[in-house]
Amino acid sequence: MCGITGMIHLEQDLRQQEALLRKMQETLRRRGPDQEGIFLSPRCAMAHTRLAVIDVEKGRQPMEITAGGETYTIVYNGELYNTPELRTQLEQEGVVFQTHCDTEVVLQSYAHWGPRCVEQCNGIFAFAVWEHTAQRLFLARDRIGVKPLFYAEIPGGLVFGSEIKALLQHPDVPHEIDQNGVADLLLLGPGRTPGYGVFRTIREVKPAHCGYYMQGSLHLHPYWELYAAVHTDSFAETAAHVRELLTDAVRRQLVSDVPIGTFLSGGLDSSLVCAIAAKKLGKPIRTFAIGMSEDAIDLKYAKQVADYLHADHTEVIINKDIVLDALESVIAMLGTWDITTIRASVGMYLVCKYIHEHTDIRVLLTG
């Protein structure tokens, strides 16, 4: 994952706000430990922290292009699964690419199609594009809302970021909970209301929403919605369709210029992902499982699957003290009040910490 943040101000010269932008960027450093960059202009300032996966050298951000008399600058967090298809389509329409990364495909798509580009994107993403001449900011989030994107309207401008912590660095964003935040904490927990960020003035770009901030106003709208339809396929047709979708999803997520590994719990979903990944890669895969003891039932099943796939398998053994020591770090990293997310994330954090410290793997697939 990567981290994005930035601000718009109609009255201040943001080229003088580099120190503030750096503070906002610093809160996101763990999201992107490989590279960082900033963009400063009179009305817009943006920062990025990058986990480099594709085109490590040329994919640095913020990224800028000029097309059709306009200059565009993007900060992007995500992965675009249909990068090859969109790239080919854009090349056929005359676009010349300078990199191989999906960031440029998103940026060129926006320059070419405008806000309708999100309708073409198959992936998980949150991004912001600043149009230099038009003096407007475009914000977008993926259909399911996998990648986070928060914002706060401030006097004379807007602040946005991948995490609430980045927004709270800005002096015009109050560290106060509003009524909706209290209701989420006390009444809805462990759930939360889509669109709200607990703190007063902080909001969340909803999944499948995009829009512009321009002339002092933010206007967001949905570009996609999930709907139910009557299921008419037979059992065999349904099975074939599910197999096709699942295989395609795993295949698209195996694209990487850095080493790949997989989580393996021994359950149905992770076992399927590992089996498909092993088949598509055509070589033994690295698998990782975590448990509270060497006799944990999950580890037993995970090893059976790993042996069947001839995987290079690693077991990470933890105990109660390790879990308790990790809680504070997990809560700080998640920035969430959703205790269900926190509980599920401790094991994920500990196995990722092990992988980061003991291997060169930077991309992991999971069920």
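Residues numbered from 1 in each chain as written. Predicted model: local features only at pLDDT ≥ 70, side-chain atom pairs only at ≥ 80, totals over all residues. Heavy atoms only, no water.

K.L.:
How should helix α7 (residues 268-281) be read in this particular structure?
P.N.:
In an α-helix, one full turn covers 3.6 residues, which means residues spaced three or four apart are oriented alike. Compared with an ideal rise of 1.5 Å per residue, which puts 14 residues at 20 Å, α7 spans 20 Å between its outermost C-alpha atoms and is within 8% of the ideal. Buried within α7 we find Ser 270, Ser 271, Val 273, Cys 274, Ile 276, Ala 277 and Ala 278. Buried positions along α7 lie against α6 (235-252), β13 (260-263), β14 (286-291), α8 (297-309) and β16 (363-365). (Helix = DSSP H or I, 4+ residues; strand = E, 2+ residues; numbered from the N terminus. Expected span 1.5 Å × (residues − 1). Buried < 20%, exposed > 50% of the residue type's maximum accessible area, 1.4 Å probe, protein only. Contact = heavy atoms within 4.5 Å.)

K.L.:
Any chance you could explain the sheet that holds strand β4 (residues 63-67) here in plain terms?
P.N.:
Hydrogen bonding along the main chain pairs the strands of a sheet, whether they run parallel or antiparallel. On the basis of which strands lie adjacent, the open sheet formed by 6 strands has the order β4-β5-β6-β7-β11-β12 and antiparallel pairing. Among the strands making up the open sheet, the edge pair consists of β4 and β12 (217-222). Each strand axis lies, on average, 20 degrees off the axis of its neighbour in the sheet, ignoring direction. Two strands pair when backbone bridges link them, and strand β6 (residues 123-131) and strand β7 (residues 136-141) are joined in this way by 6 bridges, in the antiparallel orientation. Directly across from Phe 127, in β7, lies its bridge partner Ala 140. Packed on one face of the sheet, helix α3 (residues 102-113) meets β4, β5 (70-80), β6, β7 and β11 (209-214) and runs near 135 degrees to β5. (Pairing = 2+ DSSP bridges. Axes fitted to C-alpha atoms, helices over the stretch in contact; angles between N-to-C directions.)

K.L.:
Looking at this structure, how should I read the pattern of salt bridges?
P.N.:
Any two side chains of opposite charge can pair if their charged atoms end up close together. For the coordinates displayed, the defined rule picks out 18 salt bridges. Taking the shortest distance from any N to any O, the salt bridge between Glu 91 and Arg 87 comes out at 3.5 Å. Remark: Arg 87 and Glu 91 occur in helix α2 (residues 83-92); sequence separation between them is 4 residues, near one turn of the helix. You can call Glu 91 partly exposed: its relative accessible area is 40%. For Lys 165, the salt bridge identified is with Glu 163, shortest N-O distance 2.9 Å. Given the relative accessible area of 28%, Lys 165 is considered partly exposed. According to the relative accessible area criterion, Glu 163 is buried, its value standing at 6%. One network of salt bridges, in which partners are shared, links Glu 18, Arg 22, Glu 26, Arg 29 and Glu 36. (Salt bridge = Lys/Arg side-chain N within 4 Å of Asp/Glu carboxyl O.)

K.L.:
I keep staring at the confidence of the model for the protein and nothing clicks. Help me out?
P.N.:
Looking at the protein, pLDDT values average 91 and 96% of them are 70 or higher. Mean pLDDT across the elements of the protein ranges from a minimum in helix α5 (residues 179-188), with 76, to a maximum in β7, with 98. (pLDDT = per-residue confidence, 0-100.)

K.L.:
Which parts of the structure should I look at to understand the packing of α2 against α3?
P.N.:
A pair of packed helices is characterised by two quantities: the angle between their axes and the separation of those axes. Contact pair α2 / α3: the axes reach a minimum separation of 10 Å and the direction vectors enclose 45 degrees. The angle between α2 and α3 places the two elements in the oblique class. The crossing of α2 and α3 is left-handed. Between α2 and α3, the contacting residues are Thr 83, Leu 86, Arg 87, Gln 89 and Leu 90 on the first element and Asp 102, Val 105, Gln 108, Ser 109, His 112 and Trp 113 on the second. Looking at the contact of α2 with α3 residue by residue, the classes come out as 4 nonpolar, 5 polar and 2 charged. (Parallel < 35°, antiparallel > 145°, perpendicular 65-115°, else oblique. Left-handed = near helix turned anticlockwise from the far one by under 90°. Nonpolar A, V, L, I, M, F, W, Y, C, P; charged D, E, K, R; others polar.)

K.L.:
Just checking my understanding: could you explain the packing of aromatic side chains for this structure?
P.N.:
For any pair of aromatic rings, geometry is given as the distance between the ring centres together with the angle between the planes. Applying the stated criterion across every chain, the model contains 6 aromatic pairs. For the ring pair Tyr 72 and Tyr 110, a centre distance of 5.8 Å and an interplane angle of 85 degrees mean the geometry is edge-to-face. Of this pair, Tyr 72 sits in strand β5 while Tyr 110 sits in helix α3; the two residues are 38 residues apart in sequence, bridging distant segments of the chain. Owing to a relative accessible area of 9%, Tyr 72 belongs among the buried residues under this scheme. Plain terms: the ring middles of Phe 125 and Phe 127 are 5.7 Å apart, the flat faces sit at 45 degrees to each other, and that makes the pair tilted. (Phe/Tyr/Trp six-rings, centres within 6.5 Å; stacked < 30°, edge-to-face > 60°.)

K.L.:
Explain helix α1 (residues 18-26) here, please?
P.N.:
Where α1 is concerned, the buried positions are Leu 20, Leu 21, Met 24 and Gln 25. The buried side chains of α1 occupy one side of the element, clustering within an arc of 140 degrees when seen end-on. Where the residues of α1 are buried, they touch β1 (3-9), β2 (35-40), β3 (44-50), β9 (157-161) and α4 (164-167). (Arc of directions from axis to C-beta.)

K.L.:
What is the right way to look at the environment of Val 75 in this model?
P.N.:
Within the secondary structure, Val 75 sits in strand β5. Along the sequence, Val 75 and Val 242 sit 167 residues apart, while their C-alpha atoms lie 34 Å from each other. In contact with Val 75, other than residues within four places in its own chain, are Ile 4, Met 46, Ala 47, His 48, Gln 61, Pro 62, Ala 126, Phe 127, Ala 128 and Phe 160.

K.L.:
Would you mind showing me how to read the side chain of Gln 108 here?
P.N.:
Residue position: Gln 108 is located in helix α3. The buried category is assigned to Gln 108, whose relative accessible area is 9%. Once you skip the residues sitting within four places of it in the chain, Gln 108 turns out to touch Ile 65, Leu 90, Val 95, Val 96 and Phe 97.

K.L.:
I'm lost on the nonpolar core in this one. Help?
P.N.:
Nonpolar side chains in soluble globular proteins generally cluster together in the buried interior. With 28 residues, the main nonpolar core has Ile 74, Val 118, Phe 125, Phe 127, Val 129 and Phe 138 as its most contacted residues. Secondary-structure elements contributing two or more residues to this core are β4, β5, α2, α3, β6, β7 and β11. The element best represented in this core is α3, accounting for 5 residues. Excluding its chain neighbours within four sequence positions, the residues that come into contact with Phe 138 are Tyr 110, Pro 115, Val 118, Phe 127, Ala 128, Val 129, Cys 210, Gly 211 and Tyr 212. Counting residues in hydrophobic clusters, the runner-up holds 18 residues, among them Ile 8, Phe 39, Leu 139 and Tyr 151. (Core = buried A, V, L, I, M, F, W, Y, C linked by side-chain atoms within 4.5 Å.)

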